[in-house]
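Residues per chain, in single letters:
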Amino acid sequence: IDNDFSDGYPKYIVSQYSHTNFDSNNGCAEIAVYQNQLYVHIRGNNGSTVSGYFGEALVPNVFHIVKVVYDGANNYLSVRINDVQYFSDNVDEIGEIQSPSLIYLGSQQYHGHYFNGLIDNVRMWNAAVDLSDDNYVPDNEFLILDYDINEGYGAILNDTSDSQNDGTIYGATW
């Protein structure tokens, strides 16, 4: 990761930001880095938000394993970085999260704030799964996105989950 935050904004690793019509939907889920801390921002359709900065000095030029689990049914958030638990507790109810927006890797949809670093693998589930053990591979029943960033060609990012949500690459190189 690059530690240049001179523009004053987080650098987004994963972002599904709500569309421009906030009257109909405010839902978003974002993971970013800001001033060498992990920034997690989850917002329900009604505008209620859970967010925070986690971790201690994410070192530039070193891979980090980040695991964020939000369990909306139980209003629970867990944040792990390099297998260290930084947050694990109940949070305020934010309601339903549904966004018609695409999922962006390495930037935020409307504002950019580009991540200057390497992203190796991104997985998403549509249910809360236990990611507490590095050796545990959760049941893929709820896996909706699995991008192994090393497994692509041209402008295509292959989704190896059963959902087959292949992505399109813009401006990145293999």
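For the structure, check the block above.
Heads up: these notes are all about the structure in this document. Residue numbering note: each chain is counted from 1, following its sequence as written. At least 70 in pLDDT is required for a residue's local features to be given in this predicted model, at least 80 for side-chain atom pairs to be given and counted, and no such filter applies to totals for whole chains, interfaces and linings, which use all residues. No hydrogens and no water enter the side-chain calculation; it runs on all heavy atoms of the structure.

Brief notes about unusual backbone geometry
With phi around 45°, Gln35 is a residue other than glycine that occupies positive phi space. Put simply, DSSP H or I for four residues or longer makes a helix, DSSP E for two residues or longer makes a strand, and each gets a number counted from the N terminus. Here Gln35 is to be found in the loop between β2 (28-34) and β3 (37-43). A relative accessible area of 52% places Gln35 in the exposed class. Phi at Asn36 takes a positive value of approximately 65°, unusual for a residue other than glycine. Relative to the elements of secondary structure, Asn36 occurs in the loop between β2 and β3. Relative accessible area decides the class of each residue, using a 1.4 Å probe on protein chains only: under 20% of the type maximum gives buried, over 50% gives exposed, and in between gives partly exposed.

Notes on the sheet that holds strand β4 (residues 49-54)
Sheets are built from strands paired through backbone hydrogen bonds, the pairs being either parallel or antiparallel. In short, DSSP must find at least two bridges between two strands for them to pair. An order of β4-β3-β2-β1-β8 is seen for the five strands of this open sheet, with the pairing classed as antiparallel. Strands with a single pairing partner mark the edges of an open sheet, and in this sheet they are β4 and β8 (104-105). Looking at chain direction, strand β1 (residues 11-16) and β8 are connected through two bridges and run antiparallel. Following the sheet pairing, Val14 is matched in β8 by Leu105.

Brief notes about the packing of aromatic side chains
Pairing of aromatic rings covers Phe, Tyr and Trp, the last counted by its six-membered ring, and requires centre-to-centre distances within 6.5 Å; plane angles under 30 degrees mean stacked, over 60 mean edge-to-face, and any other angle means tilted. By the definition in use, this model includes three aromatic pairs. On the basis of an interplanar angle of 50° and a centroid distance of 5.9 Å, the ring pair of Tyr34 and Tyr53 is categorised as tilted. Within this pair, whereas Tyr34 is found in strand β2, its partner Tyr53 is found in strand β4, the two being separated by 19 residues in sequence. With a centroid separation of 5.6 Å and an interplanar angle of 55°, the aromatic rings of Phe54 and Phe87 are classed as tilted. Taken together, the residues Phe54 in strand β4 and Phe87 in strand β7 (residues 84-90) connect sequence positions 33 residues apart. Cluster of aromatic residues (ring-pair linked, three or more members): Tyr34, Tyr39 and Tyr53.

Description of the layout of surface pockets
Two kinds of site are reported from a 1 Å grid over the protein atoms alone, namely cavities, where a 1.4 Å probe fits but cannot get out, and pockets, open sets with protein on both sides within 12 Å along at least five of seven lines, and residues are called lining when an atom falls within 4 Å of a point. Grid points are joined across faces, edges and corners, and a volume is the space filled by probe spheres set on the points. In this structure, the second largest pocket encloses a volume near 1000 Å³. Around the second largest pocket, the lining comprises 31 residues; the ones closest to its centre are Leu105, Gly106, Thr168, Ile169 and Ala172. Looking at the lining of the second largest pocket, the elements with two or more residues in it are β8, β10 (143-153) and β12 (167-168). Take the lining of the second largest pocket: its biggest share by element is five residues, from β10.

Some words on the sheet that holds strand β5 (residues 66-71)
Spatial ordering of the open sheet is given by β5-β6-β7, a layout of three strands whose pairing is antiparallel. Of all strands in the sheet, those bounded by a partner on one side alone are β5 and β7. Each adjacent strand pair in this sheet contributes to an overall mean axis angle of 5°, direction not counted. Axis lines are fitted through C-alpha atoms, for helices just across the contact stretch, and the angle between N-to-C directions can take any value from 0 to 180 degrees.

Brief notes about the pairing of strand β11 (residues 156-159)
Along β11, the buried face is formed by Leu157 and Asp159; none of Ile156 and Asn158, which line the opposite face, is buried. Summarising the sheet, β11 and β12 pair through two bridges and their orientation is antiparallel. Looking at β12, one finds that Leu157 is bridged to Gly167.

As for the nonpolar core
Joining through side-chain atoms within 4.5 Å is the link that ties buried Ala, Val, Leu, Ile, Met, Phe, Trp, Tyr and Cys residues into a set, and such a set is a nonpolar core. Counting 23 residues, the largest nonpolar core has Ile13, Leu38 and Leu77 as its most contacted members. Elements supplying a minimum of two residues to this core: β1, β3, β4, β6 (76-81) and β10. Note on contacts: a residue pair is in contact if any heavy atoms of the two residues lie within 4.5 Å. Dropping the residues within four chain positions of it, Leu77 is found in contact with Ile42, Val50, Phe54, Val68, Val69, Tyr70, Phe87, Ser88, Asp89 and Val91. If you look at the next biggest cluster of nonpolar residues, it comprises five residues, including Val69, Val129, Leu131 and Leu143.

Purely geometric stuff here, so don't read any function into it on its own.
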